[in-house]
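Fold and contact review
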Amino acid sequence: MTVLVVDDDAAVRGHVSSLIDSFGHRVIEAADAEWALSMFKKYRPDVVLSDIDMPEHDGLWLMRQVREAEAGHWTPVVFLSSLSRAEQLAEGIDAGADDYLTKPVHPRVLEAKLRALRRMRAMQQRLVELSKQLEQTNERLQREVAHDGLTGLLNRRGFDQALQNAIAEARRRQVPLTLVLCDIDHFKTYNDHLGHAAGDRCLQHVGMLMQGLARRPADRAARYGGEEFALILPDTSRSGAATLVKAMRRVFQGAALSHPASPTAGHVTLSGGFVTCVPDANTTAEALLLRADEALYMAKRNGRDRYFSFEGEDSRSQTGVTVF
Ligand SMILES: [Mg+2]
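The residue numbering used here restarts from 1 in each chain and proceeds along that chain's sequence as written. Totals for whole chains, interfaces and linings use all residues, but because this is a predicted model, local features are given only for residues with pLDDT of at least 70 and pairs of side-chain atoms are given and counted only at 80 or more. The side-chain values count all of the structure's non-hydrogen atoms but skip hydrogen atoms and water molecules.

The coordination sphere of the magnesium ion, as far as protein atoms go, consists of Asp8 (OD), Asp51 (OD) and Asp53 (O), spread over 2.0 to 2.3 Å. Counted as donors are N, O and S atoms no farther than 2.8 Å from the metal, or 3.2 Å for Na, K and Ca; water is not among the atoms, and sites may therefore look incomplete. In the primary structure, the donors to the magnesium ion are separated according to the pattern D-x42-D-x1-D. By relative accessible area, Asp53 is classed as partly exposed at 39%. Exposure classes here rest on a 1.4 Å probe applied to the protein chains alone. A residue is buried below 20% of its type maximum, exposed above 50%, and partly exposed in between.

Next comes the structure, spelled out in structure tokens:
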């Protein structure tokens, strides 16, 4: 260990330091509290062994400064004082010191205390390591809980949270938010013809394409259900959304994932519904999803491989635009 020894009495300091040195530890010395503090910041010792009575700042001052300089850490501070100052030692312990030694320092006691402090130090480090591991595990679990294992996209749970956040953000900034809900056309037929392993690969491929479409940092792609996918597009107007779904359709045309059993096209196609709004106090995720789902249904009904969006903000309106 590295031990910082602080005492204004050079004889005491020298004696304690040579003892600690003889126990095989590294010693740094300081003759006053301010000097000690700068040594502490520079060398980050494992233990501070400090006299309480010192001119200018005393040992209690030093301890408070040390605690302040190492937020989140805990370097043991051991006070040195004469037995006749028992009251002062008690005050030091109350103020947060970890231990004390009485002068004159007995070598055996000093050695034993340093051993105990080293055990404490090792335990503390183990604790820090464990809490780091725990934090990492926690982060991984948080991620897994919000993501779909097959595609790596947000899962339903992650999507719900992301949509809530996006609505709140768009409401706060009073900017449009677009939600696209889509569904792979004839996916059941795909599975029936090519098997479930191929079906999974198809979902992965579609997931990749969806992720590629969520290009801006705040865009989110999700696997909403079995073969349903969703895009959350903040700051996207209705015309911007129309341009994007048109591009989506081209992306799937270009990717040309073979779908030999599709009555719609030779490749995997999507049908989608999209909804754009500037959220107000009454906007809910459920209402947006319902509207997008109704629009998706219209796209399916009107022939698939297309996107539909209802006209205007009126939720009763049944007219809309189809984007190919
Ligand atoms: Mg002194």
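Further notes follow.
Let's shift gears to the pattern of salt bridges. The term salt bridge refers to a side-chain nitrogen of Lys or Arg lying within 4 Å of a carboxyl oxygen of Asp or Glu. Following the criterion strictly, the structure yields 22 salt bridges and no others. We note a salt bridge from Asp7 to Lys103, for which the minimum N-O separation is 3.0 Å. Within this pair, whereas Asp7 is found in the loop between β1 (2-6) and α1 (10-22), its partner Lys103 is found in strand β5 (residues 99-103), the two being separated by 96 residues in sequence. For Lys103, a relative accessible area of 24% corresponds to the partly exposed category. For Asp183, the salt bridge is made with Lys300, and the minimal N-O distance between the two is 2.7 Å. Remark: Lys300 occurs in helix α10 (residues 285-301) and Asp183 occurs in strand β6 (residues 177-184); sequence separation between them is 117 residues. Put simply, DSSP H or I for four residues or longer makes a helix, DSSP E for two residues or longer makes a strand, and each gets a number counted from the N terminus.

Bringing the packing of aromatic side chains into the picture now. We call Phe, Tyr and Trp rings a pair once their centres come within 6.5 Å, taking the six-membered ring for Trp, and we label the pair stacked below 30 degrees between planes, edge-to-face above 60, and tilted otherwise. Applying the stated criterion to the full structure yields three aromatic pairs. Centroid distance Phe187 to Tyr190: 6.0 Å. Interplanar angle 10 degrees. Geometry classified as stacked. Taken as a pair, Phe187 and Tyr190 lie in helix α7 (residues 187-194) at a separation of three residues, close to a single helical turn. The same class applies to Phe187 and to Tyr190, which are both buried. In this structure, Arg67 packs its charged tip against the face of Trp74, placed 3.5 Å from the ring centre. Positioned over the ring face of Tyr100 is Lys113, at 5.0 Å from the centre of the ring. Definition used: whenever NZ (Lys) or CZ (Arg) falls within 6 Å of the ring centre and also within 35 degrees of the ring normal, the charge is taken to sit over that ring.

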